[in-house]
Each structure stands twice: as structure tokens, then as C-alpha cells.
Amino acid sequence: MHPRTKTTWHIHMPVGYLLKLSDKRLMETITHPGGADGARAELRDMLSKGITNLVAGPCDNQNPDGSCAGHSDKEAS
Ligand SMILES: [Zn+2]
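The present account deals with the structure reproduced in this document.

Rules behind the numbers
Residues numbered from 1 in each chain as written. Predicted model: local features only at pLDDT ≥ 70, side-chain atom pairs only at ≥ 80, totals over all residues. Helix = DSSP H or I, 4+ residues; strand = E, 2+ residues; numbered from the N terminus. Rg over C-alpha atoms; globule rule 2.2 N^0.38 Å. Buried ≥ 20, exposed ≤ 12 C-beta atoms within 10 Å, placed from the backbone. Contact = placed C-beta atoms within 7 Å. Expected span 1.5 Å × (residues − 1).

1. Brief notes about the overall build of the chain
Phase 1 of the analysis: Across its full length, the chain carries three helices and four strands.
Phase 2 of the analysis: Walking the chain from its N terminus toward its C terminus, one meets helices and strands in the order β-β-α-α-α-β-β.
Phase 3 of the analysis: A globule of 77 residues ought to have a C-alpha radius of gyration of about 11 Å, yet the chain, at 15 Å, is considerably larger.
Phase 4 of the analysis: Considered along the principal axes of its C-alpha atoms, the chain spans approximately 45 × 25 × 20 Å.
Phase 5 of the analysis: Looking at the chain as a whole, 9% of its 77 residues are labelled buried.
Phase 6 of the analysis: Restricting the contact set of the chain to residue pairs at least 6 apart, pairs at least 24 apart contribute 53%.

Take a look at the structure:
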């Protein structure tokens, strides 16, 4: 039971949770060039497309809902 490949996931936050935060808390949690208003506009846009999760960090393998689908870590030495 010691697989040589390991799957890692980016952490993600529910978009609905982020939209409920105060401006201050939102800006402590994520950064956005448009500030809290710009971030909220983008989050609402994501929700309108069915994306309910915001992944933290660059992720090239996302589920349709925006969450990380996992990355297999091949023998990283
Ligand atoms: Zn990812």
C-alpha cells in the first residue's frame, strides 16, 4: 500500500462562502485587481456559469464546478 504516485489537489473555496464575506475579509482571503467590488462581480459571473468553487493557485485540471480535479505527482524527486 505504498503507491509510487501521489495525487495532490489544490485547495478551493466555495464561491458562495466568499460572496458572504465582508469587504475586509474578502480582501484578506483573495486578491483581485478590482478590489472587493471587482472580486464580487467576478465571483457572481463564475456562479452564473455554474462554477461554484474557486481554486487557490494556478490549476490546469479543474472540474466543471471549478474545483481541482487532482494532479498525479509523478516521482517528483
Ligand atoms: Zn489543481
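2. Let's talk about helix α3 (residues 35-48)
Phase 1 of the analysis: The terminal C-alpha atoms of α3 lie 20 Å apart, and with 14 residues this matches the ideal 20 Å at 1.5 Å per residue to within 8%.
Phase 2 of the analysis: Immediately downstream of α3, the backbone of Gly50 shows phi near 85°, a positive value.

3. Focus: the environment of Thr7
Phase 1 of the analysis: Assignment of secondary structure puts Thr7 in strand β1 (residues 5-8).
Phase 2 of the analysis: Separated by 65 residues in sequence, Thr7 and Ser72 place their C-alpha atoms 4.2 Å apart.
Phase 3 of the analysis: The residues contacting Thr7, other than those within four sequence positions of it, are Gly70, His71, Ser72 and Asp73.

4. Section: the environment of Gly70
Phase 1 of the analysis: Here Gly70 shows up in the loop between β3 (53-55) and β4 (71-74).
Phase 2 of the analysis: A tally of 13 C-beta atoms within 10 Å means that Gly70 is categorised as partly exposed.
Phase 3 of the analysis: As a C-alpha pair, Gly70 and Gly57 span 13 residues in sequence and 13 Å in three-dimensional space.
Phase 4 of the analysis: Apart from residues lying up to four places away in sequence, Gly70 is in contact with Thr7, Trp9 and Asn61.

5. Here's the deal with the environment of Lys20
Phase 1 of the analysis: Note that Lys20 resides in helix α1 (residues 15-20).
Phase 2 of the analysis: Take Lys20: there are 9 C-beta atoms within 10 Å of it, and that puts it in the exposed class.
Phase 3 of the analysis: C-alpha separation for the pair Lys20 and Arg40, spaced 20 residues apart in sequence, amounts to 9.6 Å.

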